[in-house]
Each structure stands twice: as structure tokens, then as C-alpha cells.
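# Structural description and commentary
Listed below, chain by chain, are the residues.
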Amino acid sequence: MSYKDPVGVDLGIKDLATLSNGIVFPKLIDYNPNVKVNYDKLEYHRHRLSETQYGSNRQGKIKRAITNLYVKIHNQRLDYLHKVSRELSKYPLVVFENISVRKIVKANAHNPKLANKLRYAGWYTLVELTKYKLNDENNLIMKVNPYNTSKTCNLCHTVNHV
């Protein structure tokens with residue numbers, strides 16, 4: 001693995017990012033199983049909250065527990081995205097697809113599970129973290145039109161229409 005060559009990044013749902021040199025960064029839940037545990041706890045506490053009496057002390061305790069879990073999950077996500085962006089910042093040129101998550105989520109509004117996965121992936125945050133780290137290292141970042149990027153061969157530039 002050489003950090004001297006430019007690298008292209010393909011962002012996805014199955015894996016967070018796949019680099020053009022074959023390195024794959026898994027999604028957060030695959031990387032850190034504690035995130036799944038925290039999501040399960042969050043679901044449990046939400047259910048408990050729905051069964052509590054409005055204004056009771058128990059409701060306040062459960063709300064604080066839910067808030068703490070949200071903060072914990074947020075910090076775990078941000079930590080992982082920092083680790084991935086730190087790895088990407090070692091390359092002299094990083095090429096991302098110019099993807100608008102908001103437009104993709106809007107186009108997939110009929111499928112809320114897919115829309116939530118797209119929001120959860122953290123693509124925008126990854127690109128922004130990588131951008132500022134590359135600027136600190138005096139390396140370059142480039143965004144390209146996402147049209148046919150997954151179908152185009154990086155060696156011969158032919159488009160696979162399968």
C-alpha cells in the first residue's frame with residue numbers, strides 16, 4: 001500500500017468507503033459492535049418512555065438516559081469518521097463523488113429504511129473532515145460528477161452497462 005498515489009473514494013451503504021486501491025472501510029456498526037448495543041439500549045429506553053406517566057420522575061430519568069445514549073452514539077460515529085478521514089488524509093490526492101445526500105434521501109422518500117441508512121452513513125461529515133485534514137497536510141481533494149462512476153473502468157475508461 002502506497003500513500004504516494006492518488007486515490008478515488010466510492011461511498012456506499014454496505015461499506016462506508018471503498019478506495020480505488022482496494023482498501024475497504026466498513027460501516028460503523030461492523031467496525032464497532034458497541035454502537036449496535038447502544039442502539040438496542042436506545043430502543044429499549046424509548047419503549048420504556050412511552051409507558052411512563054407524563055411529568056413523573058421516572059420519565060425524567062429515562063429522558064436523561066436517552067439523551068446520554070444519543071450523545072454517546074454521536075461521539076462514536078464522529079470518532080470513527082475522524083479515523084477514516086485521518087487515513088484518507090495520508091494520500092496526496094483524494095477524489096470523491098459529488099453526492100448530494102439530501103437529494104438522494106428526497107428521491108428515496110418512499111423507502112424510509114433506505115433513507116435512514118443514507119442519513120446515518122455520514123458521507124457529508126466524512127468528506128468535510130477529510131477536506132480540512134487534507135488542507136492541513138497541503139494535499140488536494142477533488143469532487144467529480146457521480147454519473148457512471150461505479151460503472152467506469154479506472155484503467156481503460158470504458159462504461160459497463162450491466
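Structural data are supplied above this passage.
Figured I'd write up the structure that's included with this text. (Residues numbered from 1 in each chain as written. Predicted model: local features only at pLDDT ≥ 70, side-chain atom pairs only at ≥ 80, totals over all residues. Heavy atoms only, no water.)

### What about the pairing of strand S4 (residues 93-97)?
Within a regular strand, side chains alternate between the sheet's two faces. Convention followed: Only protein chains enter the accessibility calculation, which uses a 1.4 Å probe; a residue whose area is less than 20% of its type maximum is buried, one above 50% is exposed, and one in between is partly exposed. Helix and strand definitions follow DSSP, with helices as H or I runs of at least four residues and strands as E runs of at least two, each counted in order from the N terminus. A pair of strands is treated as paired once DSSP finds two or more bridges between them.
S4 sits mainly inside the fold: four of its five residues count as buried. Examined bridge by bridge, S4 and strand S5 (residues 140-144) share five bridges and lie parallel to one another. For Glu97, the partnering residue across the bridge sits in S5 and is Val144.

### Side note on the pairing of strand S2 (residues 15-19)
As defined by bridge partners, strand S1 (residues 7-11) adjoins S2 across three bridges and the pair is classed as antiparallel. The residue of S2 that forms the bridge with Leu11 is Ala17. In sequence, S1 turns back onto S2 through a hairpin of three residues. Bridge count for S2 against strand S3 (residues 24-26) is three bridges, and the pairing is antiparallel. When the sheet's bridge partners are listed, Thr18 is paired in S3 with Val24. Between the end of S2 and the start of S3, which pair antiparallel, lie four residues, with Gly22 showing a positive phi angle near 100°.

### Description of the packing of helix H3 (residues 57-88) against helix H6 (residues 123-136)
Formally: Between the N-to-C directions of two axes lies an angle of 0 to 180 degrees, each axis being a line fitted to C-alpha atoms and, for a helix, fitted only over the stretch in contact. Orientation categories follow fixed angle ranges, with anything under 35 degrees roughly parallel, anything over 145 roughly antiparallel, 65 to 115 roughly perpendicular, and all other angles oblique. Should the near helix be turned anticlockwise from the far one by less than a right angle, the crossing is left-handed, and should it be turned clockwise, the crossing is right-handed. Contacts are residue-level and defined by heavy atoms, with any inter-residue pair within 4.5 Å sufficient.
Where H3 contacts H6, the axes come no closer than 9 Å and their chain directions differ by 45°. When the axis of H3 is compared with that of H6, the two are oblique. As for how H3 packs across H6, the hand of that crossing is right-handed. Counting all contacts with H3, which are made through Leu78, Leu81, His82, Val84, Ser85, Arg86 and Leu88, the residues of H6 involved are Thr125, Leu126, Leu129, Thr130, Tyr132, Lys133 and Leu134.

### A few points about the pattern of salt bridges
A side chain of one charge can pair with a side chain of the opposite charge if their charged atoms are brought near each other. Note the cut-off: For salt bridges, the criterion is a side-chain nitrogen of Lys or Arg within 4 Å of an Asp or Glu carboxyl oxygen.
Counted according to the given criterion, the structure contains four salt bridges. Put simply, Lys83 and Asp79 hold a salt bridge, and the shortest N to O gap is 3.3 Å. With Lys83 and Asp79 both in helix H3, this residue pair falls four residues apart, about one helical turn. By relative accessible area, which is 34% here, Lys83 ends up partly exposed. Judged by its relative accessible area of 38%, Asp79 is partly exposed. A salt bridge links Lys131 to Glu128, with the shortest nitrogen-to-oxygen separation between them at 3.3 Å. In this pair, Lys131 and Glu128 are both assigned in helix H6, three residues apart and thus about one turn of the helix distant. Given the relative accessible area of 28%, Lys131 is considered partly exposed.

### Here we look at the packing of helix H2 (residues 33-50) against H3
The condition is simple: Three classes are used, and their members are as follows: Ala, Val, Leu, Ile, Met, Phe, Trp, Tyr, Cys and Pro are nonpolar, Asp, Glu, Lys and Arg are charged, and the others, Gly among them, are polar.
Interhelical geometry of H2 versus H3 gives an angle of 155° and a closest axis separation of 10 Å. With respect to their mutual orientation, H2 and H3 come out roughly antiparallel. Crossing handedness for the pair H2 and H3: left-handed. Each of Asn34, Val35, Asn38, Tyr39, Lys41, Leu42, His45, Arg46, Arg48 and Leu49 in H2 lies in contact with H3, whose residues at this interface are Arg58, Gln59, Ile62, Lys63, Ala65, Ile66, Leu69, Tyr70, Lys72, Ile73 and Gln76. Grouping the constituent residues of the contact of H2 with H3 by class yields 10 nonpolar, five polar and six charged.

### Focus: the nonpolar core
Test applied: Residues belong to one nonpolar core when they are buried, are Ala, Val, Leu, Ile, Met, Phe, Trp, Tyr or Cys, and are joined through side-chain atoms within 4.5 Å.
Ranked by internal contacts, the top residues of the largest apolar core, which has 26 residues, are Val9, Leu11, Leu16 and Leu88. Mapped by element, the contributors of at least two residues to this core are S1, S2, H3, S4, helix H4 (101-107), helix H5 (112-121) and H6. For this core, the element with the most residues is H6, which contributes five residues. Not counting residues up to four positions away in its chain, the partners in contact with Val9 are Ala17, Thr18, Leu19, Leu88, Val94, Val95, Phe96 and Glu97. With five residues, the next largest nonpolar core counts Ile62, Ile66, Leu69 and Ile73 among its residues.

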